[in-house]
Structure formats: structure tokens, C-alpha cells
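# Structural characterization, general
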Number of protein chains: 2
Amino acid sequence: MKLAEELEFALGARPPGSTLQRWLYSELREAILSGRLAAGQRLPSTRDFARQHKISRGTVLAVYEQLIAEGYLAGATGSGTTVSPKLPNKPPLKPAAPAPAGATLPRLSQQGRLLAASPFPLRDNGVVVPFRANQPDVTAFPLPTWRRLSTRYSRTRLVHEMGNSDAAGYAPLRHAIAEHLRFSQRIACDAEQVIIFSSSQQALDLCARLLLDPGDTVLLEDPGYPGAQRIFRQAGASVQGVPVDVQGLRTDPPLPVAPGIRLAYVTATHQAPLSGTLPLERRLALLEWADACDATIIEDDYDGEFRFDGMPLPALKSLDRNGRVLYMGSFSKLLFPSLRLAYLVVPDGWTDAFASALSMTCRHVPVFQQAVLSAFIEDGHFARHLRQMRLLYGSRAQEFQRACKARCDGMLDVLPVSTGLDATALLPAGTDDSAVAAALGQQGIMARPLSFYRVQHPAPPGLVLGFSCFDGLAIREGMGRMGEVLERLRRIGGS
Amino acid sequence: MKLAEELEFALGARPPGSTLQRWLYSELREAILSGRLAAGQRLPSTRDFARQHKISRGTVLAVYEQLIAEGYLAGATGSGTTVSPKLPNKPPLKPAAPAPAGATLPRLSQQGRLLAASPFPLRDNGVVVPFRANQPDVTAFPLPTWRRLSTRYSRTRLVHEMGNSDAAGYAPLRHAIAEHLRFSQRIACDAEQVIIFSSSQQALDLCARLLLDPGDTVLLEDPGYPGAQRIFRQAGASVQGVPVDVQGLRTDPPLPVAPGIRLAYVTATHQAPLSGTLPLERRLALLEWADACDATIIEDDYDGEFRFDGMPLPALKSLDRNGRVLYMGSFSKLLFPSLRLAYLVVPDGWTDAFASALSMTCRHVPVFQQAVLSAFIEDGHFARHLRQMRLLYGSRAQEFQRACKARCDGMLDVLPVSTGLDATALLPAGTDDSAVAAALGQQGIMARPLSFYRVQHPAPPGLVLGFSCFDGLAIREGMGRMGEVLERLRRIGGS
């Protein structure tokens, strides 16, 4: 049998910053794991080991004891310590070495491959440059009020609410949202029907998982929101695009009726990305279709609260008498994105299924934000903030349209802007809008091409451009740079 | 054609609290939606309508205008207003009436039916009575410190971090966790490998979706954590229980090796529910098995940080050289449950797949809690809190064992308690532990039967009993009541 003494010559240099004890422990452990010291092999006594290495016996003793406690060594200290005979005899592990590049990518499932191809940026430094879309102006948020409510909650309720909470959400927030919706959207719901999520994506994902079997069909606006397309596709559903015109989802020709069609996703108040508002007759046709198909409609009201022009139409959900519509809203765009709160209004009787699925896949959303937000709504700050933001975004939308007319007339045709944070502008027919967006990106201008929203029908070439975070100066300056890029591209295209 | 004037006689009584305008709007809208007023039908002029109903013409005008804006009516006000001819001619919607009970349950997908059967309570008032399991003692949490850090963050960083954040988590928190794990668990990871979730369930769910195809097999400890069983089953995987003894997962007979076996779930530090610590030779056997199967191991270290007795073993992950182990931890049990923060350490190179899947199904976890927690760790409060909790839980574990010996000897056999928040106690062979738990529940004692953790092999009858939140008095008092129930059951059983 090889004697443990030989091991000593293999002791590496002590790494800087490591204690003697730590270093000795690592060396012995590594020798065992790599198979250099075999199972059952006898080690020198602590006395011999200490003498040979000129270290204190106490240090050796401590290392032996730790390795015994962890199962590397066996036997009473001092009387014949051996490498644990229970360990496998062959080298159990390869020597530590960096794995070859690429070898450590996970072997993904079929669904995993779809989930690993997100349309959202994985890294986001939060920087907002013109004309980044979907961004509320967080500098206009009443942060002192929010801070005050946070502090109040920390000092009063938090101590009573540190335990687990309801899976469907924090009860006061569910009440506050139901009341807001009854008033602002004419949705006759009660708090029990409101489910709290951390984001619209999470709500969409849970809808897909609860309602769709692989092979089912979902109707989507085309062009439409890519986050929804991906969610339904990864659930194994097939996605069928329904053409969109300036009024939103077309219901003529009639929507297809077939048993496997289980869901439709619509942005009725403000179509993403073409910004139309679905007229009443189409809303009624959509509800009739859902009855005929025994299907469910997800109404994503992602920024409908920011209507600054014209009379608001109540939510599609307000017309729903047969429990067909799931109404979805998000506070991340109404207040600020790092907040991460959204909600779904479900038909009466559906709450437990959603709450159960949430408790399995998330447990519940953190209580703190929910509590502060419920106070923010109850105390009237939410309604006041919405009113102020409607004025602000309305004036910025006008600035944006004026600046575009002044600088990019004939190159960018802005569709009517009545709601929300972004404008949609069409490019001349035949333009490659992805190439335009890339060229703009090189000049520091963010623009999202309409082709990004495509489902199956070709989308008209165009750009989604956010105006919400920029004052008149920033808008005109950004528009100036955009104009230069578009003119240059036109010269190249025309030459 | 029926004249609109006839409609007037059908106007219902004005509900209390409704304005005249709101009431008139609702009545007309309802008449149109219910088909009482047909598409194309002419309405009286505002002048006639006002005179007939003895209301001001201005009110009628406002209601007509709103209904025109919303698409119910068509035509210039005053010159021949009609019900919009675009609306469907047949009654588009049934009259508003409560839907028959039960008719509004959602039609769930196959996966949806599994998700709708959660092992977690949907409603939780946070009340902790003896011997509720899995509960940290939140009264021992340094809330003033947490409040101070919250306020500091609100006043300093929050204004800069209101936008979207990284899908994988808040960078400073990922750094703080990696550093903590390098020190406390000897896991050689860097911040890039740490992914932040809102809960262990969310992390488990995403692992299942990314790594499992329907029909794949997952090895689970039997008895084992029900939250994991459900997650893998709803992903379409088949679950195979591996027997557990006092040392945890048995690796002898050897674990099965087959191509469809993709995942194993283990609680190596502290087996849930039988509380053993997996010895080194089984850890090495498990890693070898994962290499042989090309499988992944999820190591759920749900309360291993609370080891108060004996030398801690480093995490299984610390032995992982081939990127086989996903290490999972949660702050909800270490700090307080309403916080909702957990993490996963993934092999180098796996981060983007997990971050992408998170961005699709959740976007990211709220920043506020992540930021406060990272300061809590960096400033040393986390390590200090863990040390204090180890002492506290250690002394309560002793109290619990003493009280059980004194009151329930021969009826409850407490397994060694070295870690965590709960004790596991065996009942005499042949006892129906669910019936015992139900009987205890009627006396206000919470106890979770071991059969709750069963996968496929029969579990020994027993109870999981939390000691973590109760002082000596509460423990003895609860044990007294428990003793009475057990004695009564024994008398019934023996008679």
C-alpha cells in the first residue's frame, strides 16, 4: 500500500490569503477526490504529519477532524486515520479543470428552447434614449409620496405581515384595483376576481398554461405583441394572426370558428403596435365569436389608462356577460417598471384555479409593493398621477408629431396618437424597417421596427417610437438625428 | 318601424346614488345591447326626448354624445340619431343575469388541471400556531435594521433604479449571494451564475420547463418535498421515488441509469422530511450517476443554513466539477416569508437560458427587495442574523425534544434534530398519520403527516412539527395538548 507520506511532495504552493489550515484541508480533500489518495489508505499520525511538514500538531488535528466530520477520513484521530473506506475506489471525479467552452450549455427541452429565445433584453441598464418605446417617464413619478407611504407601511403594518400571504394577492390591493376598475373602466368586478401578478408576462404565461393544451389555436392581432406570441407558442399552441387595420383587430371576414381555437389575445383600447381603438361592433362580434367557440379572450389593457385625446371607450370586459374575457393591466407602465406589479380580472369562479397555479409556480407576489401600492390608490395618488401623466404625455405626443412633420415629412407617416407612451410611424412601402432601425441604432436612436410585431401576415414597414420620456428639446434633437439617417438611407436607396 | 318613444316606458327606476345622466346612459346602452333597440332604429331628437322625460336637454345631449363616441349611436346630434347600423341585428348579448352556478369554472388544460391542485394553502392569514412547520420566527428578525436600509435605499438609489432591470436579477444582490456562498458553502461560483427568483417554487418550475420534456423521468427523494413532486408532474414528467433512510437519499441499490432520466431533486444538507444529512460517499455516487445519465441534480438547500448542531457539510454543489448541480436557496425562510426572494446557482454558461426564460415568464423580480437585501448582506446583518437564529432554533429544538420526551414518550419518537425549523417524529407503526394530524387540528395543533410527502413508497407514519416560532412555554403547552390527543387516540385504537 502506498504510504501517505509520499503525498507530502505533491503539496502545492500555499495560495496567497489562504490560512495554513485551510490550505492543508484543501490539499488533502483534493487528493482524496482526485483519487491520488485511495479509499482505505492509511494516513500518517497527526504527530508525524506535523513534524514532516513543520506545522503545529493542532493545525493537523483540526484538519483531520474536519475531514472526518465531512466523511473524507475515517477512524479516531491519532489511532490510525484512513481515507474513508466507504468512498468509491476508482477516481470519483476528474481533476478540477475548466470545462471546455460551450460544453456547459444546458440540454434544453423543446419548451426550454422556446423559453431561451426571449424577445426581451436580458440585461437592461435602464437607460432611456430617444425614442425608446414602452417607457413611462419615471422622473414625473411622485417619489416623495411613494417614499412616505413605504415608510408608513414599514413602521405600521409590516411587522404584522411578514408571514406568507394569499396566493391571489394582497387583499387590500385587490379591493383597491376592483374599485378603480369599476369607476374607470366600468368593469363590474369584485376584489375576489382580481389576481395579482408580478407582470403581464407572468399573467399571460399562467393563462396559457391553465387554458391551452398543445395543438390548441390562439388568435392574435397581426401585427401584435411579441411577448404574447412567444408565450402561446412555448405553451405548444399554434398561433393564428388576424389582420389589423386602423381600428384594430378585423372581425370581417368573420373570425374562424373551430373546436381547437381556445383563446384570442387583443389590445382593444389601444392596439399594439398600430394604435387603433376597437369599435363597438367589432367588440360585440368578438364576444359572439367567443361564445360560438367556447373560447376565452385576453384583453391586454397595457396603456389604455393613458388616453389623452378623445372620449375613452370602456373596456371590452365591461361588455362581457358570459365570463369570456380576462382583463389584464400592469402598474409597471403606469407607475415605474422596477415596481413589477400587474393584475388580471378573471370571471367569477375562476379565482381558485389561478391562485392555485400561482401558489405552485410562484407562491405569491412580495407583499411590500402590494401594500404600498394599495395605499397609493386608496389615498387618491394613483388617480391624480394618471391625470397628470395624461396631460404630460398628451403634450409630448403633440411635440412629437409636430417635430416629425417639421423634420421627417414624407419619410415618416405618424399614425394618429391618442393614447399611451409611443407613436407608430409608417415608412414608405417596400422599406426594410429592421435595416432602418439598425441604422438609427448606430446613431444612438432607439426605434422598434413593425416587422418585430409580425405574426404571419407581412406588416407595413414602420417604426414604434416612444415620446413619453422626452421633452420638446430632446424630441426635436432626436428627430433631427433621425431625419439625417432617413435622408441618408433614402439617398442610398435612390442611387 | 318601432318608434324609439316606446322605449321610454321601459325605463327602470333610477338606482340610488346614480346621477340622472349615468342612469339614462345605462338604460339606453342596455336597451341596445339587449336588442330592445335594434341596429338602425331612429331615436327621438334630444328636444323630444328631454320633453317626454322631463329632464334637461343638456343631459340628453351629453348622453347621446357619449353613446355616439362609444359606437352605440350614429349620426350628428339633433339631426336624426339612430342606433349604430354597424351593430349586429340580432340580439347580440343575453340579458344581464347571474350565470348558473358552476357554469363559470374555466375549461382547464391537462397541465392546468395539475396546476389547479396546489399543495399550498391559497389563503394564508399568516397565523402561526404550534407546531406549524416551515416558519421562521419573524419576531426575531431585526426589523429596525431592515427599515433603516429600506429608507436609505428609497432616499438614495431608488430614483436611479425605477426602470427595468436585468432578467437574471439585481447585480449587487447576485454578487452578495455569490460571496456568501463561497464563504459559507464553499461553492466556487461567481455572481454571473446566480439567478434571482421570487421563490424556490418559481426556480423549480423554470428548471422543469427548461430541462424536461413530457415523458422524461425525475428522481425524487421518497418521502420528499410535495412542491417539487407537483412541479415535475405538471411539466409532464414521470416521477420516480428513491427510498430515503436516516442519512437521506439511498444510493444503494444504485440509482437507475436510463436515457429518459434527466433530473434528480435532493435535499442533501437536511432531507425533507426525514432530516438526514447525505454522507460524502452518497454525494459522490450521486454525481457519478448524473455523469452516467447526462442528468442534472437540483440541490434544494431550503434551510441548511440553520444548522445548529454538529459540523456543517459543504453543499453538494461544492463537489460539482462537471456542471451537474443546480444549487437552490431561499430567503423567505431565512428572513421572512412575505419578502419572497430565492436564488439558483447554475453551471457556468447556463445563465442566459434561465435569464431568458425568466424574462418571458416574469420579466424580473422587483428591484426594491433585491436592493435592500443586498445591503443587508453586504453590511453583515445577514451573517449576524443567521448566527443568532442558529442559537435560537438550537435552544428551541432542545426544548421541543425535552418536552416531547416528557409528555409524549412512547407515542412520538423524535428523529435527531440538527438543522432547520422543524422536527420529524415517528408514530407507532400502522398509525394513520393523516387521521392523527386531523385530530390534532381539531385541538388547534398544526401537524403535517409524513404521508403528505409520499411519492410512491409507503412512508413511515409520523408528523412534521415546527418548533422554530415557539418559546419553552408555548412548546410545553402545545405538547400537553398533543399528548392528550395522542393518548385519546391510543385508547380508541386499543379498545
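Residue indices begin from 1 for each chain and proceed along its sequence in written order. Think of it this way: whatever chain is written first is A, whatever ligand is written first is 1, and the rest follow in order. This being a predicted model, a pLDDT of at least 70 is required before a residue's local features are given, and a value of 80 or more before pairs of side-chain atoms are given or counted; all residues contribute to the totals for chains, interfaces and linings. The side-chain values count all of the structure's non-hydrogen atoms but skip hydrogen atoms and water molecules.

Per an unreviewed UniProt entry, chain A goes by the name Aminotransferase class I/II-fold pyridoxal phosphate-dependent enzyme and belongs to Pseudoduganella rivuli. On record in UniProt, under Sequence similarities (unreviewed entry), the comment for chain A is "In the C-terminal section; belongs to the class-I pyridoxal-phosphate-dependent aminotransferase family." UniProt positions are given in the numbering used here, feature names are shortened, and annotations may be inferred rather than shown by experiment.

## Considering the overall build of chain A
Numbering of helices and strands runs from the N terminus; a helix is a DSSP stretch of H or I covering at least four residues, while a strand is a stretch of E covering at least two. In terms of helices and strands, chain A carries 15 helices and 14 strands. What you see for chain A is a C-alpha radius of gyration of 31 Å, clearly larger than the 23 Å of a compact globule of 495 residues, by over 25%. Seen through its principal axes, chain A has C-alpha atoms that stretch 90 × 65 × 50 Å. Any two residues whose heavy atoms approach within 4.5 Å are treated as being in contact. Look at the contacts in chain A between residues 6 or more apart in sequence, and 73% of them connect residues 24 or more apart. When charges are counted, Lys and Arg contribute as positive and Asp and Glu as negative, whereas His and the chain ends are disregarded. A charged residue contributes its charge at one atom only: NZ of Lys, CZ of Arg, CG of Asp or CD of Glu. Where the 53 positive side-chain charges of chain A centre and where its 47 negative ones centre are 8 Å apart. All radius of gyration figures rest on C-alpha atoms, and the globule criterion is 2.2 Å times the number of residues raised to 0.38.

## Here we look at the sheet that holds strand E9 (residues 325-330) of chain B
Residue and element names in this part refer to chain B. Ordered in space as E3-E10-E9-E8-E7-E4-E5-E6, the eight strands form an open sheet in which the pairing is mixed. Here the strands that pair on one side only, and so sit at the sheet edges, are strand E3 (194-197) and strand E6 (248-249). Throughout, an axis means a line fitted to C-alpha atoms (over the contacting stretch in the case of helices), and angles, computed between N-to-C directions, take values from 0 to 180 degrees. Along the sheet face, helix H7 (residues 200-211) touches E3, strand E7 (261-266), strand E8 (296-300), E9 and strand E10 (342-345) and points at about 155 degrees away from the line of E9. Here helix H8 (residues 226-234) sits on the sheet and contacts strand E4 (217-222), strand E5 (238-245), E7 and E8; the angle it forms with E4, its principal contact strand, is near 165 degrees. In this analysis, strands are considered paired if DSSP registers two or more bridges between them.

## Digging into the interface of chain B and chain A
In this complex, chain B contributes 114 residues to the contact, which on the side of chain A involves 113 residues. Of the roughly 10300 Å² buried between chain B and chain A on both sides combined, carbon and sulfur atoms contribute 55%. As a working definition, buried area equals the accessible area (1.4 Å probe) given up by two parts on being put together, with both sides summed. A per-residue breakdown of the area chain B buries against chain A is headed by Met-162, Arg-321 and Met-360 of chain B, which together make up 9% of the total. Put simply, a salt bridge is a Lys or Arg side-chain nitrogen that is within 4 Å of an Asp or Glu carboxyl oxygen. Here chain B and chain A share 14 salt bridges between them. A per-element tally of the side of chain B that touches chain A places helix H11 (residues 351-361) of chain B first, with eight residues. Ten residues, namely Ala, Val, Leu, Ile, Met, Phe, Trp, Tyr, Cys and Pro, are considered nonpolar, four, namely Asp, Glu, Lys and Arg, are considered charged, and the remaining ones, Gly among them, are considered polar. The residue makeup of the side of chain B that touches chain A, split by class, is 55 nonpolar, 28 polar and 31 charged.

## A look at the sheet that holds strand E13 (residues 448-449) of chain B
All names here are of chain B. Read across the sheet, four strands follow the order E11-E12-E14-E13 without closing on themselves; strand pairing throughout is antiparallel. Every interior strand has two partners, whereas the edge strands, strand E11 (413-414) and E13, have only one. The strands touched by helix H14 (residues 433-442) are E13 and strand E14 (462-466); relative to E14, the strand with the most contacts, the crossing angle is about 40 degrees.

## Description of the nonpolar core
Across soluble globular proteins, nonpolar side chains have a tendency to be buried as a group. Judged by nonpolar contacts, the single largest core of 143 residues is most densely connected at Phe-331, Leu-335 and Leu-412 of chain A together with Trp-146, Phe-331, Leu-335 and Leu-412 of chain B. If we skip the residues at most four places from it in the chain, Phe-331 of chain B touches Ile-177, Phe-336, Leu-339, Leu-341, Ala-342, Tyr-343, Leu-373, Ile-377 and Phe-382 of chain B. Here the nonpolar core consists of buried residues drawn from Ala, Val, Leu, Ile, Met, Phe, Trp, Tyr and Cys, with membership extended through side-chain atoms lying within 4.5 Å. Only protein chains enter the accessibility calculation, which uses a 1.4 Å probe; a residue whose area is less than 20% of its type maximum is buried, one above 50% is exposed, and one in between is partly exposed.

## Structural notes on the relation of the copies chain B and chain A
Copy-to-copy superposition: least squares on the C-alpha atoms, limited to residues that have pLDDT of at least 70 in both copies. Under the fitted operation, chain B is carried onto chain A by 0.0 Å of movement along the axis and a turn of 180 degrees, and the coordinates agree to an RMSD of 0.1 Å. Read as a symmetry element, the transformation amounts to a two-fold axis. When C-alpha positions in chain B are compared against the rotation axis, the closest is assigned to Thr-151 of chain B, at 3.4 Å. Taken together, the interface assignments show that 99% of the residues at the interface of chain B recur at the interface of chain A, consistent with an identical surface on both copies.

## A word on the confidence of the model for chain A
Residues and elements named next belong to chain A. For every residue, the predictor reports its confidence as pLDDT, a number between 0 and 100. Chain-level statistics for chain A give a pLDDT mean of 91 and a share of 93% at 70 or above. This model gives residues 1-7 a pLDDT under 50, and the stretch forms 16 contacts once residues within four places in sequence are excluded. This model gives residues 95-103 a pLDDT under 50, and the stretch forms four contacts once residues within four places in sequence are excluded.

## Considerations on the packing of helix H7 (residues 200-211) of chain A against H11 of chain B
Remark: H7 of chain A packs on H11 of chain B, axes separated minimally by 6 Å, with the N-to-C direction vectors making an angle of 85 degrees. By the angle between their axes, H7 of chain A is roughly perpendicular relative to H11 of chain B. Residue-level contacts link Gln-201, Gln-202 and Asp-205 of chain A of H7 of chain A to Ser-359, Met-360 and Thr-361 of chain B of H11 of chain B. Its residues assigned to classes, the contact of H7 of chain A with H11 of chain B comprises one nonpolar, four polar and one charged. Every angle not falling under 35 degrees, over 145, or within 65 to 115 is termed oblique; those three ranges are roughly parallel, roughly antiparallel and roughly perpendicular.

## Some words on helix H2 (residues 46-53) of chain B
All names here are of chain B. For H2, the complete set of buried residues consists of Thr-46, Phe-49, Ala-50 and His-53. Taken down its axis, H2 places every buried residue within 95 degrees of arc, on the same side. Every exposed residue of H2 that faces more than 90 degrees away from the buried side is listed here: Arg-47 and Arg-51. Turning to H2, the residues buried within the fold contact helix H1 (20-33) and helix H3 (57-69). Once H2 finishes, Lys-54 follows within two positions and takes phi at roughly 55 degrees, a positive value. This arc is built from the directions going out from the helix axis to the C-beta atoms.

## A short note on the pattern of salt bridges
A complete count under the given rule lists 48 salt bridges over all chains for this structure. Glu-30 of chain B is the partner of Arg-321 of chain A in a salt bridge, and the nearest nitrogen-oxygen pair spans 3.0 Å. With one member in each of two chains, Arg-321 of chain A in the loop between strand E8 (296-300) and strand E9 (325-330) and Glu-30 of chain B in helix H1 form a pair that bridges those chains. Within this structure, Arg-107 of chain A together with Asp-291, Asp-294 and Arg-324 of chain B form a network of salt bridges that share partners.

## Some points on the environment of Ala-353 of chain A
Note on placement: Ala-353 of chain A falls in helix H11 (residues 351-361). Counting along the chain gives 185 residues from Ala-353 of chain A to Ala-168 of chain A, while the straight-line C-alpha distance between them is 9.8 Å. Non-local contacts of Ala-353 of chain A, meaning those with residues more than four positions away in its chain, are made with Leu-210 of chain A together with Pro-106, Leu-108 and Ala-116 of chain B.

## Description of helix H13 (residues 381-408) of chain B
A helix is expected to span 1.5 Å multiplied by its residue count minus one. The terminal C-alpha atoms of H13 of chain B lie 38 Å apart, and with 28 residues this matches the ideal 40 Å at 1.5 Å per residue to within 8%. Gly-410 of chain B sits one or two residues past H13 of chain B and shows a positive phi near 85 degrees.

## As for the packing of aromatic side chains
Given two aromatic rings, their pairing is described by the distance between the two centres and the angle made by the two planes. Residues and elements named next belong to chain A. Each pair of aromatic rings taken from Phe, Tyr and Trp, with Trp reduced to its six-membered ring, is defined by centres within 6.5 Å and is described as stacked if the planes are under 30 degrees apart, edge-to-face if over 60, and tilted in the remaining cases. Summed over all chains, the structure comprises 39 aromatic pairs over all chains. Between the aromatic rings of Phe-308 and Phe-467, the centroid separation amounts to 6.3 Å while the plane-to-plane angle is 75 degrees, which identifies the pairing as edge-to-face. Separated by 159 residues along the polypeptide, Phe-308 in the loop between E8 and E9 and Phe-467 in the loop between strand E14 (462-466) and helix H15 (472-494) bring together distant segments of the chain. Owing to a relative accessible area of 0%, Phe-467 belongs among the buried residues under this scheme. When the ring of Phe-452 is compared with that of Tyr-453, the centres are 5.6 Å apart and the planes differ by 85 degrees; the resulting orientation is edge-to-face. Ring-pair connections join several aromatic residues into one group, and the members of that group are Phe-131, Phe-308, Phe-400, Phe-467 and Phe-470.

## Here we look at the side chain of Glu-161 of chain A
Relative to the helices and strands, Glu-161 of chain A resides in the loop between helix H5 (143-155) and helix H6 (171-184). At 3.0 Å, the side chain of Glu-161 of chain A and the side chain of Arg-157 of chain A are in polar contact. Discounting chain neighbours no more than four positions away, the residues touching Glu-161 of chain A are Tyr-153, Tyr-170 and Val-367 of chain A together with Ser-338 of chain B. In the analysis that follows, any N or O atom pair within 3.5 Å is treated as a polar contact, provided that within protein one partner can donate a hydrogen and the other can accept it, and provided that, for residues neighboring in sequence, both atoms belong to side chains.

## Structural notes on the state of the cysteines
In what follows, a disulfide is any cysteine sulfur pair within 2.5 Å. One pass over the structure, following the stated rule, counts zero disulfides over all chains. With no disulfide partner, Cys-408 of chain B has as its closest neighbouring cysteine sulfur the one in Cys-404 of chain B, 4.9 Å distant.

## Brief notes about the packing of H1 of chain B against H3 of chain B
Residues and elements named next belong to chain B. Across the interface, H1 lies against H3 with an axial gap of 9 Å and an inter-helix angle of 45 degrees. On the basis of their axis angle, the class for H1 and H3 is oblique. The interaxial crossing formed by H1 with H3 has right-handed handedness. Across from Leu-20, Gln-21, Leu-24, Tyr-25, Leu-28 and Arg-29 in H1, the residues of H3 making contact are Thr-59, Val-60, Ala-62, Val-63, Tyr-64, Gln-66 and Leu-67. Here the contact of H1 with H3 is composed, by residue class, of nine nonpolar, three polar and one charged. Left-handed describes a crossing in which the near helix is turned anticlockwise from the far one by less than a right angle; the clockwise case is right-handed.

## Some thoughts on the domain arrangement of chain A
For interface size, the figure often reported is the accessible area lost on association. Splitting chain A by domain gives domain 1 (4-83), domain 2 (141-383) and domain 3 (389-494). Computed over C-alpha atoms, the centres of domain 1 of chain A and domain 2 of chain A are 61 Å apart. An automatic or database domain assignment is the source of the domain bounds shown.

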